[in-house]
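Below, each chain spelled out in residue letters.
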Amino acid sequence: MKPDNTIIDHILNVVALAPRARIEDVAKLTPELTLREVFYTLCYLSRRGQLRLIVDGQGGFAVTTAVRLFN
């Protein structure tokens, strides 16, 4: 099931403004969403290649926008 487009757009905007933010930070920056909504949407966007989940230096996960190169 696809998350609501408004949630997707909101999270993409947050990640664009705060690249390499931890998942917990994204949740704090979107207090109107539940942690479940944030996590589900981040996973959905990661599977679609729109975001990248990376391991940060503290053993957690950070989120960054995916850069796609077209040849």
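So, here is what we can say about the structure in this document. (Residues numbered from 1 in each chain as written. Predicted model: local features only at pLDDT ≥ 70, side-chain atom pairs only at ≥ 80, totals over all residues. Heavy atoms only, no water.)

**Looking at the pairing of strand β3 (residues 61–65)**
Applied cut-off: Pairing between strands requires that DSSP locate at least two bridges from one strand to the other. A run of DSSP states H or I qualifies as a helix once it reaches four residues; a run of E qualifies as a strand once it reaches two. Both are numbered from the N-terminal end.
With two bridges joining them, strand β1 (residues 21–22) and β3 adopt antiparallel strand pairing. Looking at the pairing, Ala21 lines up with Val63 of β3. Relative to β3, strand β2 (residues 51–55) runs antiparallel, the two being bridged by five bridges. If you follow Leu53 over to β3, its bridge partner there is Val63. The turn joining β2 and β3, which pair antiparallel and follow one another in sequence, is formed by five residues; a positive phi near 85° is taken by Gly59.

**Thoughts on helix α1 (residues 5–17)**
What counts here: The span one expects for a helix is its residue count, reduced by one, times 1.5 Å. Throughout this description, buried means an accessible area under 20% of the type-specific maximum (1.4 Å probe, protein chains only), exposed means over 50%, and partly exposed covers the range between. What the arc covers is the set of directions going from the helix axis to the C-beta atoms.
With 13 residues, α1 should reach 18 Å at 1.5 Å per residue; the first-to-last C-alpha distance of 18 Å fits that figure. Turning to α1, its buried residues number three or more, namely Ile7, Ile8, Ile11, Val14 and Val15. The buried residues of α1 occupy one face: seen down the axis, they fall within an arc of 130°. Exposed and oriented more than 90 degrees from the buried face of α1 are Thr6, Ala16 and Leu17.

**A closer look at a negative patch on the surface**
To keep things clear, this is the line we draw: Patches in this entry comprise residues that are over 30% relatively accessible and not in a salt bridge; like charges within 9 Å are linked, as are nonpolar side chains (Val, Leu, Ile, Met, Phe, Trp, Tyr) within 5 Å. Surface accessibility follows the Shrake-Rupley procedure with a 1.4 Å probe radius. Residue values consider only the protein chains on display as shielding. Take a side-chain nitrogen of Lys or Arg and a carboxyl oxygen of Asp or Glu: if they are within 4 Å of each other, that pair is a salt bridge. The charge count treats Lys and Arg as positive and Asp and Glu as negative. His and the chain ends do not count. Note on charges: their place is set at NZ of Lys, CZ of Arg, CG of Asp or CD of Glu.
Together, Asp4, Asp9, Glu32 and Glu37 make up a region of like negative charge exposed at the surface. With respect to the element layout, Asp4 can be found in the segment before α1.

**Describing the environment of Thr6**
Within the element layout of this structure, Thr6 appears in helix α1. As for Thr6 and Pro19, which are separated by 13 residues in sequence, their C-alpha atoms are 20 Å apart.

**A word on the pattern of salt bridges**
By the definition in use, this model includes two salt bridges. Between Glu24 and Arg22 there is a salt bridge, and its shortest N-O distance comes to 3.3 Å. One salt-bridge network, held together by shared partners, links Arg22, Glu24 and Asp56.

**Some thoughts on helix α3 (residues 35–47)**
The end-to-end C-alpha distance of α3 is 18 Å, a good match for the 18 Å that 13 residues give at a rise of 1.5 Å each. Three or more residues of α3 are buried, namely Val38, Thr41, Leu42, Tyr44 and Leu45. With its buried residues spanning 160° around the axis, α3 presents them on a single face. Facing away from the buried side of α3, by more than 90 degrees, are the exposed residues Leu35, Arg36 and Arg47.

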